[in-house]
Amino acid sequence: MLLQRIHVEKGAYYDSVTLMLVARELQSMEGIEEASLNMATEANLKILAAAGFGVSDIQAGQSDLLIAVRGDGSVLEAAIEKARELLKNPPGRKSTPGEYRPKSLDGALSMLPEANMALISIAGRYAGDEADKCLDAGLHVMLYSDNVPIEKEISLKNKAKEKGLLVMGPDCGTAVIRGVGLGFANACPTGPVGLVAAAGTGLQEVHVQLARRGVGVLHAIGTGGRDVKEEVGGITFSMGLEALLCDEEIQVVVLIGKPPAPSVEERILRILEGGKKPAAVGFIGGKASGDKPPLYLCRELEETAAVAAALANGKDPSSAREELFKSYERLKEKAAPMKRKGFIRGLYSGGTLCYEAQLIATGLIGSVYSNAPLASEMKLADSLKSRGHTMVDYGEDEFTQGRLHPMMDSTFRAERLLSESQDPDVGVILFDCVLGYGCHPNPAGQMAEAVEKARKKAGGRIAYVAYVCGVDADPQGATEQRKILEEAGVTVCDSNAEAARLACYIVG
Amino acid sequence: MSFIGRSSDWQMAPLRLVVVERHKSVINLRSRAGRRYSVVTKGEDMGPRSILSKRLPDWSMGEEVMVFAEALPVCYDPEIPKTPPSRRWRPLWFEWLDFLAEPPLDVVGKELAKGDLSSVAGLGPGLTPAGDDLLAGYMTATKLRGETVPAQIFPKMDTTTWLSFDILRDAFAGLVWRRIKDLCDALAGEGVSLLEESLTSCLAMGHTSGRAYLAGMALGFEA
């Protein structure tokens, strides 16, 4: 009989990579069926409960660590002890010193006085103050960390603006500066396009789609999703755009994000019009419409890339867009022999990809439930329980506090794929695999394994549709990743928009 | 013999030595006067009273050997340089103090917090106790600043291991290992890559020795 135990380690903070490595070590112990280490946030307690752990008696706050193990009762205590021991010297993290790396900002600047940018990736509650120090040192900042209060974001960005510096983020996972990718970035070519994006995987998708069309990007400035909200006022977005407009090497400007607050959008478009550079605006699902050449307004990511590529290649953007939408129409023929009954369940690692898929699906098959919905009435009461057509963004804070982002580890998402496959009301399971630096070395492998298991139980009742966001030069190799999924019986599409449409046509 | 060169302080007269330690690339020998002598196969392991050899001699533990080094060219001078460190690197050595807040060196850090530098002698983990490495680093930094090492911080012989005590004697006399000497040279200059290389090389000294030595140097620079 399997028993379980949850141990609370009070006031213990560890980064999510350490927690994952220790959990893996525990899982390899004989007699241990399941092990997880997570910070005791409300969301993580909920996830543990959904996994069958009894959490009602747990006395823990979000600064406490939960070590949860299930297995043979005789080894549970030893597993907890092993976890505590491993946390002192995590596996895979060498305690012996390697190459010398400065540990402080001042130390780093003494060794690299010409540096003009800092990338901050630490727990959100400390990140804002570190960003402040970097600005004081005259550095641009890429703030990868999330969970930074919005008041702090506003004060940082105002301070940066006064100093003529950029604060990319918080929650800025991707950027490209002079062709060099920062954070989760794809190995795409350098070229004449400059991007500003308030959407991380939106940036990656456009970057990748441009590369597929033979067009490179010189700079891609991430702003963090909140930048274009009314409270922040698009400070970084506007500054980034102005910088690209002034840059003589940039021939085409691309803007990406969910629709900004109206006043912010108006300001951004005014700056763009003043710059007189060819531009593709990809505010996904935005209300603004009507091209004003050389300014083209798009509603989807691949469309934005197709238009921008045409602009860069001196071709007609309207024709490029038309051809793309014709190709989407042909997906209906592809879907005909794949028809299934039931709902779509989308499991996303990329937030913007999830958002775009909802937008497309809503237009084709009706409203979609989500933990990050298009409209508030479609919000899932419980992110772990689907209803109707559902698309879940596993990159949302509720899933990433004290846990690896799904682009770095899809284990949790793969488990959901298995459980969704057992739901008789499901007809299509749709998911993404985002590639690039910093991402899991084999996301397709993680998902394919789950698909193979699920197919053994569900047979051919469910169609699996995926999109691999990446290029062959990425560490994982897009073609290789695609092949892994196809061999597992997954239909792999060429873009997120295409995958979402195909899923809809299969059940529609 | 496959000896290539010697350090400048190797005594010229033939020496009768006893093999006391044998490692992968180092043999440590003890003289009748109780000093350490070494035969090493890597240039970066050269230190005071060392011979560089193509391969380690086939000597057994406890064996008494005669070493003739008078014909060998000098390939290393263990005396620390006379140039003090550039103030440019001050923020960098400040962060070396953080090593004392992390396990396993925190035991030394806690003892230091009580205020007495000499009390760390023989304390902590490592083949050479980390507290001794810290003291050696402190002495090196003090010398590098052109000042005299206060005699009261020098530990009594019975507080630590033979090898460690010998290292402290050398540090007190201003003699250091090549990795430390390279670091001293790099700190006196402005080259980032040289400094990076020498710091990496120092960190590779033993399990904790490099970090403890660096922390000691930081304390010495700030004394």
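This structure is a prediction, so every number in the text was calculated from the model and none was measured. Residue indices follow the written sequence of each chain, beginning from 1 at its first position. Whichever chain is written first becomes A and whichever ligand is written first becomes 1, with later ones labelled in order. This being a predicted model, a pLDDT of at least 70 is required before a residue's local features are given, and a value of 80 or more before pairs of side-chain atoms are given or counted; all residues contribute to the totals for chains, interfaces and linings. Remark: hydrogens and water are excluded; side-chain values derive from all non-hydrogen atoms of the structure.

## Structural notes on the domain arrangement of chain A
Residue and element names in this part refer to chain A.
Phase 1: Residue ranges for the domains trace back to a domain assignment, done automatically or taken from a database. Looking at the assigned domains, one finds that chain A contains domain 1 (3–88), domain 2 (105–326) and domain 3 (332–507).
Phase 2: Note on contacts: a residue pair qualifies if any of its non-hydrogen atoms lie within 4.5 Å across the two residues. Counting residues at the interface gives 14 residues for domain 1 and 14 residues for domain 3.
Phase 3: Defined here as a combined quantity, buried area equals the accessible surface (1.4 Å probe) lost by two parts on assembly, summed across both. The junction of domain 1 with domain 3 conceals about 1000 Å² of combined surface from both sides, 57% of it contributed by carbon and sulfur atoms.
Phase 4: Area buried by domain 1 at its contact with domain 3 is led by Ser16, Lys46 and Ile47, which between them contribute 40% of it.
Phase 5: Here, a salt bridge means any Lys or Arg side-chain nitrogen found within 4 Å of an Asp or Glu carboxyl oxygen. Applying the counting criterion to the domain 1 and domain 3 interface returns one salt bridge.
Phase 6: Of the charged contacts in the structure, one is a salt bridge between Lys46 and Asp382, with a shortest N-O distance of 3.8 Å.
Phase 7: We define a polar contact as two N or O atoms separated by no more than 3.5 Å, with the added condition that, inside protein, one atom must be a possible hydrogen donor and the other a possible acceptor, whereas residues neighbouring each other in sequence contribute only through side-chain atom pairs. Counting across the interface, domain 1 meets domain 3 through zero residue pairs in polar contact (both at pLDDT 80 or more).
Phase 8: Among the secondary structure elements, those contributing two or more residues to the side of domain 1 that touches domain 3 are helix 1 (16–27), strand 2 (32–39) and helix 2 (42–50). A helix here means a DSSP run of H or I that spans at least four residues, while a strand means a run of E at least two residues long, and both kinds are numbered starting from the N terminus.

## Remarks on the sheet that holds strand 3 (residues 65–72) of chain A
All names here are of chain A.
Phase 1: The three strands are arranged 1-3-2 in an open sheet whose pairing can be described as antiparallel. On the outer flanks of this sheet lie strand 1 (2–9) and strand 2, each paired with one strand and no other. Neighbour-to-neighbour, the strand axes of the sheet open up by a mean angle of 10°, direction not taken into account.
Phase 2: Whether two strands pair depends on DSSP finding at least two bridges between them. The pairing of strand 2 with strand 3 spans seven bridges and is antiparallel. Paired with Leu37 across the strands is Ile67, a residue of strand 3.
Phase 3: Every angle, taken between N-to-C directions, lies between 0 and 180 degrees, and every axis is a line fitted to C-alpha atoms, over only the stretch in contact when it is a helix. Sitting on the sheet, helix 1 is in contact with strand 2 and strand 3, with an inclination near 165° to strand 2.

## Details of the interface of chain B and chain A
Phase 1: Tallying the contact residues gives 17 residues for chain B and 15 residues for chain A.
Phase 2: Interface of chain B and chain A: buried area, both sides summed, is about 1400 Å²; carbon and sulfur atoms make up 59% of it.
Phase 3: Viewed at the interface, chain A and chain B are joined by two salt bridges.
Phase 4: Between Glu102(B) and Lys103(A) there is a salt bridge whose closest N-O contact spans 2.4 Å.
Phase 5: Summed over the shared surface of chain B and chain A, the result is eight residue pairs in polar contact (both at pLDDT 80 or more).

## Some words on the pairing of strand 8 (residues 180–183) of chain A
All names here are of chain A.
Phase 1: As paired elements, strand 7 (residues 174–177) and strand 8 share four bridges and run antiparallel to each other. Counterpart to Ala175 in the pairing with strand 8 is Leu182.
Phase 2: In sequence, strand 7 turns back onto strand 8 through a hairpin of two residues, with Arg178 there showing a positive phi of about 50°.

## Side note on the nonpolar core
Most often, soluble globular proteins keep nonpolar side chains buried together rather than apart.
Residues and elements named next belong to chain A.
Phase 1: Counting 64 residues, the largest nonpolar core has Leu210, Val254 and Met391 as its most contacted members.
Phase 2: For this core, the element with the highest residue contribution is helix 18 (residues 496–507), accounting for nine residues.
Phase 3: When residues of this core are sorted by domain, at least three fall in each of domain 2 (105–326) and domain 3 (332–507).
Phase 4: When near neighbours in sequence (up to four residues on either side) are disregarded, Val254 contacts Val193, Gly194, Leu195, Val196, Val206, Ala280, Thr304 and Ala308. Residue types Ala, Val, Leu, Ile, Met, Phe, Trp, Tyr and Cys, when buried and joined through side-chain atoms within 4.5 Å, form a set referred to as a nonpolar core. Note on classification: 1.4 Å probe, protein chains only; a residue is buried when its accessible area is under 20% of the maximum for its type, exposed when over 50%, partly exposed between these limits.

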